Amino acid sequence: MNRHVLVVDDEKLIVKGIRFSLEQDDMDVDCAYDGEEALKLARENHYDMILLDVMLPKLDGFEVCRQIREFSDVPIIMLTARDDDMNKILGLEYGADDYITKPFNILEVKARIKAIMRRTGRRDPENAGGKLVIKGEMKIDCESRRVMIGEKEINLTAKEFDLLELLAMNPGKVYSRENLLNIVWGYEYPGDARTVDVHIRRLREKIETNPSDPKYVYTKWGVGYYFRG
């Protein structure tokens, strides 16, 4: 089945170029040109990926990302014309999985999309039955990529799940920020260690009763992070 991608940008030439390129790789592409339209499409359809520009009419990309995260864990790549750290960190804070700075090479965009899709490929929950990690009240189903704490399902983004899965599958092993960046985001990823810190903090806010006193994901000061087995 073809992958379904939503491309959101108010510059129609950019949208046209991305759409043409992705369709050459047999992806189905929907397009939106403002934040409200993007949010409507995201609610009405199941997407495997959303490319989301920051500067949009009606609702900006950060707000669209924030609202999508209330009902979906679809991977989101932010597109930003500003090459500054604050915009990148803001995108991650709102739940984006990755960011690409304009002007970009379409081959880089396609490579990032494919890398994320490989790591987060959705599997049919009915065929689940793979590895389960259970720690206290937490249950991580690595096949269906679902996390339960007690009777409540926790809605994690793709990258948040990838981090939790890696740490939980290797309890007690301390991973440096650089290790996590390379393993979860890939060696070609141009970001820095703060990307990991933002995602760990967001993950703790979702899975820990008290994020400042965690019982699952611990910090080894000056070294990195680990999962208490």
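Naming follows an unreviewed UniProt entry, where the chain appears as Stage 0 sporulation protein A homolog of Mordavella massiliensis. Taken verbatim from the UniProt record of the chain, the Function (unreviewed entry) comment is "May play the central regulatory role in sporulation. It may be an element of the effector pathway responsible for the activation of sporulation genes in response to nutritional stress. Spo0A may act in concert with spo0H (a sigma factor) to control the expression of some genes that are critical to the sporulation process."

Broken down by element type, the chain carries eight helices and 12 strands. A buried classification covers 50% of the 229 residues belonging to the chain. Summing over all exposed atoms, the chain offers an accessible surface of approximately 11400 Å²; the carbon and sulfur share of this is 48%.

Here helix α8 (residues 193–207) spans 21 Å end to end across 15 residues, near enough to the 21 Å set by a 1.5 Å rise per residue. For α8, the full list of buried residues reads Thr195, Val196, Val198, His199, Ile200, Arg202, Leu203, Arg204 and Ile207.

Okay, the sheet that holds strand β1 (residues 4–8) next. Reading across from one edge, β2-β1-β3-β4-β5 is the order of the five strands in this open sheet, with parallel pairing throughout. The outermost strands of the open sheet, each flanked by one partner alone, are β2 (28–32) and β5 (98–101). Strand-to-strand twist of the sheet, defined as the mean angle between neighbouring strand axes without regard to direction, takes the value 20°. Note: strand β3 (residues 49–53) against strand β4 (residues 76–80), four bridges, orientation parallel.

Now for the side chain of Ser72. Tracing the sequence through the fold places Ser72 in the loop between α3 (61–68) and β4. A polar side-chain atom of Ser72 sits 3.0 Å from the main-chain amide nitrogen of Val74.

Turning next to the pairing of strand β7 (residues 138–141). Looking at chain direction, strand β6 (residues 132–135) and β7 are connected through four bridges and run antiparallel. Within β7, the residue paired with Lys135 across the bridge is Met138. In textbook terms, the turn of a hairpin is the stretch between consecutive antiparallel strands, and for β6 and β7 this stretch comprises two residues, one of which, Gly136, has a positive phi near 60°. In this sheet, strand β8 (residues 146–149) lies alongside β7 in antiparallel orientation, the contact comprising four bridges. Within β8, the position partnered with Ile140 by the bridge is Val147. With antiparallel pairing between neighbouring strands as the criterion, β7 and β8 make up a hairpin whose turn holds four residues, including Arg145 at a positive phi of roughly 60°.

With that settled, consider the packing of helix α2 (residues 35–44) against α3. To describe two helices that pack against each other, one gives the angle between their axes and the distance between the axes. It is the contact of α2 with α3, at a shortest axis distance of 10 Å, that shows an interaxial angle of 20°. Here α2 lies roughly parallel to α3, going by the angle between them. α2 and α3 meet at a crossing whose hand is right-handed. Contact residues: Gly35, Ala38, Leu39, Ala42 and Arg43 in α2; Val64, Gln67 and Ile68 in α3. Tallied by class, residues from the contact of α2 with α3 come to five nonpolar, two polar and one charged.

Taken together, the buried positions of α2 are Gly35, Ala38, Leu39, Leu41 and Ala42. The buried side chains of α2 occupy one side of the element, clustering within an arc of 165° when seen end-on. For α2, the N-terminal capping position is held by Asp34, with its side-chain oxygen 3.0 Å away from the main-chain nitrogen of Glu36.

Rules and cut-offs
Residues numbered from 1 in each chain as written. Predicted model: local features only at pLDDT ≥ 70, side-chain atom pairs only at ≥ 80, totals over all residues. Heavy atoms only, no water. UniProt positions renumbered as here; feature names shortened; annotations may be inferred. Helix = DSSP H or I, 4+ residues; strand = E, 2+ residues; numbered from the N terminus. Buried < 20%, exposed > 50% of the residue type's maximum accessible area, 1.4 Å probe, protein only. Areas by Shrake-Rupley, 256 points an atom, 1.4 Å probe, with all protein chains shown as cover. Expected span 1.5 Å × (residues − 1). Pairing = 2+ DSSP bridges. Axes fitted to C-alpha atoms, helices over the stretch in contact; angles between N-to-C directions. Polar contact = N/O pair within 3.5 Å; in protein donor to acceptor, adjacent residues only side chain to side chain. Parallel < 35°, antiparallel > 145°, perpendicular 65-115°, else oblique. Left-handed = near helix turned anticlockwise from the far one by under 90°. Contact = heavy atoms within 4.5 Å. Nonpolar A, V, L, I, M, F, W, Y, C, P; charged D, E, K, R; others polar. Arc of directions from axis to C-beta.

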